[in-house]
Amino acid sequence: MSIKMIATDMDGTLLDGQGQLDLPRLTTILDELEKRDIRFVVATGNEIPRMRLLLGDLVERMTLVVANGARIFEKNRLSMSSFWEPGLIRDALTYFSGHERELQLVVTSEIGGFVQEGTEFPLIEKVMTKEMAQLFYKRMNFLPSLQDYPFDKVLKMSMMVEEAAAVEHARLINQHFAGRLSAVASGYGAIDILQDGMHKAWGLQQLMAKWQIQSSGIMAFGDSENDIEMLELAGISYAMENGDERVKKIADYLAPANTEAGVLQILEQYLEEEKG
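Numbers given to residues run from 1 along each chain, matching the order in which its sequence is written. For a predicted model such as this one, the threshold for reporting local features is a pLDDT of at least 70, and the threshold for listing and counting side-chain atom pairs is 80 or more; totals across whole chains, interfaces and linings nevertheless cover every residue. Side-chain measures here rest on the full set of heavy atoms in the structure, leaving out hydrogens and waters.

**Student:** Hey, could you go over the sheet that holds strand E3 (residues 63-66) for me, with residue numbers and the actual values?
**Tutor:** Only strands that DSSP links by at least two bridges are regarded as paired with each other. Every helix listed is a DSSP run of H or I at least four residues long, and every strand listed is a run of E at least two residues long, numbered separately from the N terminus. Taken together, the eight strands give an open sheet; going across it, the order is E5-E4-E3-E2-E1-E12-E13-E14, and neighbouring strands pair in mixed fashion. Of all the strands in the sheet, the pair left with one neighbour each is strand E5 (77-81) and strand E14 (253-255). In this sheet, adjacent strand axes meet at a mean angle of 20° when their direction is disregarded. Relative to strand E2 (residues 39-43), strand E1 (residues 5-8) is paired through four bridges, and the arrangement is parallel. For helices, the fitted line uses only the C-alpha atoms of the stretch in contact; every axis is such a line through C-alpha atoms, and the angle between N-to-C directions lies from 0 to 180 degrees.

Set out below in structure tokens:
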């Protein structure tokens with residue numbers, strides 16, 4: 001099978017347990033992919049500032065599908081965005097009214113993240129480096145009331161709960177907003193709340209149409225529920241050894257854990273086999 005696109009999640013997949021990756025090793029892989037005219041796509045629930053900090057100059061050599069498909073950057077330039085309708089924003093905020101702090105609710109817009117004053121994020125320091133955690137807080141706009149802010153160009157909302165409770169919280173949101181919003185667990189108790197039909201695979205489909213690539217030409221990697229549509233779309237799909245059991249069931253293969261640089265291992269193996 002001729003691969004034309006590599007698509008990978010970041011947290012729990014391409015990034016190691018400390019939220020970092022081996023940039024020189026990835027650079028060598030990108031060199032080889034470019035020789036073969038294979039596109040490299042990062043598909044993540046994160047927004048562009050963190051990706052730029054993590055990837056440095058490499059963002060100029062890849063495509064980023066961020067906010068779980070809501071925005072696409074090609075070679076560090078915005079090429080596509082999808083925003084919530086005003087009524088949907090208001091209905092979602094009404095649903096979470098009074099629980100913004102306990103749910104660590106974040107409203108992500110084109111100009112950054114917004115949270116209720118007094119909100120704390122205890123997990124951030126556990127899954128991010130100190131530098132990344134500082135960037136996270138720097139990008140947050142702490143407001144006296146999310147309910148009263150005139151939001152514009154919202155890309156997604158997200159929340160953080162105890163990991164064991166994430167599935168039930170997502171189920172309740174999906175039940176309440178059926179056909180309008182979709183809540184998906186993204187690991188560590190985080191839940192991404194997206195427009196119905198918006199996901200990483202939607203972003204990849206926009207790129208497939210532009211680049212004239214078929215599903216059979218995609219190799220994808222993921223570890224969490226918000227990667228499922230992307231893995232189902234790909235002709236070759238890998239779930240990480242550290243991934244959610246639901247993800248492992250739908251993937252074609254297992255890749256070594258993110259702590260073992262599993263994505264890089266598989267890509268190096270693939271490129272070596274192609275040489276032969």
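**Student:** Go over unusual backbone geometry, please, and point to the residues and values.
**Tutor:** The backbone of Lys75 shows a phi angle near 50°, a positive value even though the residue is not glycine. Three exposure classes are used, based on accessible area relative to the maximum for each residue type with a 1.4 Å probe and protein chains only: buried under 20%, partly exposed in between, and exposed over 50%. Lys75 sits in the exposed class, given a relative accessible area of 55%. Its identity is not glycine, yet Ala261 carries a phi of approximately 55°, on the positive side. Residue placement: Ala261 occurs in the loop between E14 and helix H11 (262-275).

**Student:** Go over the domain arrangement of the protein, please, and point to the residues and values.
**Tutor:** In this entry, domain limits derive from an automatic or database-based domain assignment. Examined at the domain level, the protein breaks down into domain 1 (5-82 + 198-274) and domain 2 (86-195). Inter-centroid distance (C-alpha atoms) of domain 1 to domain 2 is 23 Å. Contacts between the two partners involve 21 residues from domain 1, matched on the other side by 22 residues from domain 2. Approximately 1900 Å² of surface area, both sides summed, lies buried where domain 1 meets domain 2, with 57% of it carried by carbon and sulfur atoms. Here, a salt bridge means any side-chain nitrogen of Lys or Arg that lies within 4 Å of a carboxyl oxygen of Asp or Glu. Between the two partners, domain 1 and domain 2, sit zero salt bridges. Residue contributions to the side of domain 1 that touches domain 2 peak at four residues, all from helix H3 (residues 48-55). Of the residues belonging to the side of domain 1 that touches domain 2, the class tally is seven nonpolar, nine polar and five charged. The contact criterion used throughout is that any non-hydrogen atoms of two residues lie within 4.5 Å. The term buried area means the drop in 1.4 Å probe accessible area that two parts suffer when joined, counted for both and summed. Three residue categories are used. Nonpolar comprises Ala, Val, Leu, Ile, Met, Phe, Trp, Tyr, Cys and Pro, charged comprises Asp, Glu, Lys and Arg, and polar comprises the others, including Gly.

**Student:** Provide a residue-level description of the side chain of His199, including the pertinent values.
**Tutor:** Tracing the sequence through the fold places His199 in the loop between strand E11 (190-195) and helix H8 (200-211). A residue is classified by how much of its surface remains accessible, and His199, at 19% relative accessible area, is buried. A polar atom in the side chain of His199 sits 3.0 Å from the backbone nitrogen of Trp202. Contact partners of His199, with chain neighbours within four places excluded, come to Asn68, Gly69 and Glu229. Side-chain atoms alone can form a polar contact between residues adjacent in sequence; in general such a contact is a pair of N or O atoms within 3.5 Å, and within protein one must be able to donate a hydrogen while the other accepts it.

**Student:** Lay out the sheet that holds strand E6 (residues 106-109) in plain terms, naming residues and giving numbers.
**Tutor:** Taking strand neighbours across the sheet as the criterion, the six strands line up as E8-E7-E6-E9-E11-E10 in an open arrangement whose pairing is mixed. On the outer flanks of this sheet lie strand E8 (140-143) and strand E10 (181-187), each paired with one strand and no other. Direction aside, neighbouring strands of the sheet carry axes that sit 25° apart on average. Across the sheet, helix H4 (residues 86-96) is in contact with E6, strand E9 (154-160), E10 and E11; its angle to E9 comes to roughly 15°.

**Student:** I'd like to hear about the pairing of E10, residue by residue, with values.
**Tutor:** Within E10, six of the seven residues are buried, which leaves it mostly tucked inside the rest of the structure. Sheet topology note: the E10/E11 ladder contains six bridges and is antiparallel. If you follow Ser182 over to E11, its bridge partner there is Leu194. Where E10 hands over to E11, the hairpin turn is made up of two residues, of which Tyr188 adopts a positive phi near 60°.

**Student:** I'd like to hear about the packing of aromatic side chains, residue by residue, with values.
**Tutor:** Each Phe, Tyr or Trp ring (for Trp, its six-membered ring) is paired with any other whose centre lies within 6.5 Å, and the angle between the two planes then decides the class: stacked below 30 degrees, edge-to-face above 60, tilted in between. A complete count under the given rule lists 10 aromatic pairs for this structure. Between Phe221 and Tyr238, the ring centres sit 5.1 Å apart and the planes meet at 10°, which makes this aromatic pair stacked. Here Phe221, found in strand E12 (residues 218-222), pairs with Tyr238, found in strand E13 (residues 236-240); they are 17 residues apart in sequence, far enough to count as distant. The pair Phe221 / Tyr238 is uniform in exposure class, with both members buried. Through a chain of ring-to-ring contacts, the aromatic side chains of Tyr95, Phe96 and Phe177 assemble into a single cluster. Here the guanidinium or amino end of Arg39 rests over the ring plane of Trp211, the centre of that ring lying 4.2 Å away. Geometrically, a charge over a ring is one whose NZ (Lys) or CZ (Arg) sits within 6 Å of the ring centre while staying within 35 degrees of the ring normal.

**Student:** Outline the nonpolar core, supporting the account with residue identities and numerical values.
**Tutor:** The nonpolar core is taken to be a set of buried Ala, Val, Leu, Ile, Met, Phe, Trp, Tyr and Cys residues, with the residues joined through side-chain atoms within 4.5 Å. Ranked by internal contacts, the top residues of the largest apolar core, which has 45 residues, are Phe40, Leu55 and Leu64. The biggest single contributor to this core is H11, with six residues. Mapped onto the domain boundaries, this core takes at least three residues apiece from domain 1 (5-82 + 198-274) and domain 2 (86-195). Filtering out sequence-adjacent residues up to four positions away, Leu55 remains in contact with Met10, Leu21, Leu23, Leu26, Met62 and Leu64. Counting residues in hydrophobic clusters, the runner-up holds 25 residues, among them Trp84, Met159, Ala166 and Ala183.

**Student:** Kindly report on the pairing of E2, identifying the contributing residues and their values.
**Tutor:** In summary, the side chains of a regular strand alternate between the two faces of the sheet. Where burial is concerned, most of E2 is hidden: four out of the five residues are buried. Examined bridge by bridge, E2 and E3 share three bridges and lie parallel to one another. By the bridge assignment for E3, Ala43 is matched with Val65.

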